[in-house]
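Observations on the model geometry
Below, each chain spelled out in residue letters.
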Amino acid sequence: MVADSNTVAPELREFISRNFLFSDQGFKYGDDASFLREGIIDSLGVMELVTFVEKQYGIAVADHELLPSNFDSVSRLSSFITSKLAGHS
């Protein structure tokens, strides 16, 4: 799959808006906003997000990759996904 942050980030914002913020008004946070600190996603929500990422992008997320540095903002998650797709993780 060919993807970069220009395509991944909007898809993540859309998924999070609809599934965690229950909004069709878009993602009202900056891409660097912490999901956990801002109360956007809780720990159970992270698991739902992992499932979405694995299905949407056809990648496997290992337990050791479930870190805030990979999953705690749109920009971090987008970078993680594009890196995995490029085969750098």
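Residues numbered from 1 in each chain as written. Predicted model: local features only at pLDDT ≥ 70, side-chain atom pairs only at ≥ 80, totals over all residues. Heavy atoms only, no water.

Let us look at helix α4 (residues 74–85). Taking 1.5 Å of rise per residue, 12 residues should cover 16 Å, and α4 covers 16 Å from first to last C-alpha, within 8% of that figure. Every buried residue of α4 is listed here: Val74, Leu77, Ser78, Phe80, Ile81, Thr82 and Lys84. With its phi angle positive at about 80 degrees, glycine 87 sits one or two positions after the end of α4. (Helix = DSSP H or I, 4+ residues; strand = E, 2+ residues; numbered from the N terminus. Expected span 1.5 Å × (residues − 1). Buried < 20%, exposed > 50% of the residue type's maximum accessible area, 1.4 Å probe, protein only.)

For the rest of this paragraph, the subject is the confidence of the model for the protein. Of all residues in the protein, 92% attain a pLDDT of 70 or more, and the chain-wide mean is 91. Between the elements of the protein, mean pLDDT differs from a low of 92, seen in helix α1 (residues 5–19), to a high of 96, seen in α4. (pLDDT = per-residue confidence, 0-100.)

Close contact between helix α2 (residues 43–57) and α4 brings their axes to 12 Å; oriented N to C, the two are set at 35 degrees. α2 and α4 meet at a crossing whose hand is right-handed. Where α2 abuts α4, its residues Leu49, Val53 and Tyr57 lie against Leu77, Ile81 and Leu85. Its residues assigned to classes, the contact of α2 with α4 shows six nonpolar, no polar and no charged. (Axes fitted to C-alpha atoms, helices over the stretch in contact; angles between N-to-C directions. Left-handed = near helix turned anticlockwise from the far one by under 90°. Contact = heavy atoms within 4.5 Å. Nonpolar A, V, L, I, M, F, W, Y, C, P; charged D, E, K, R; others polar.)

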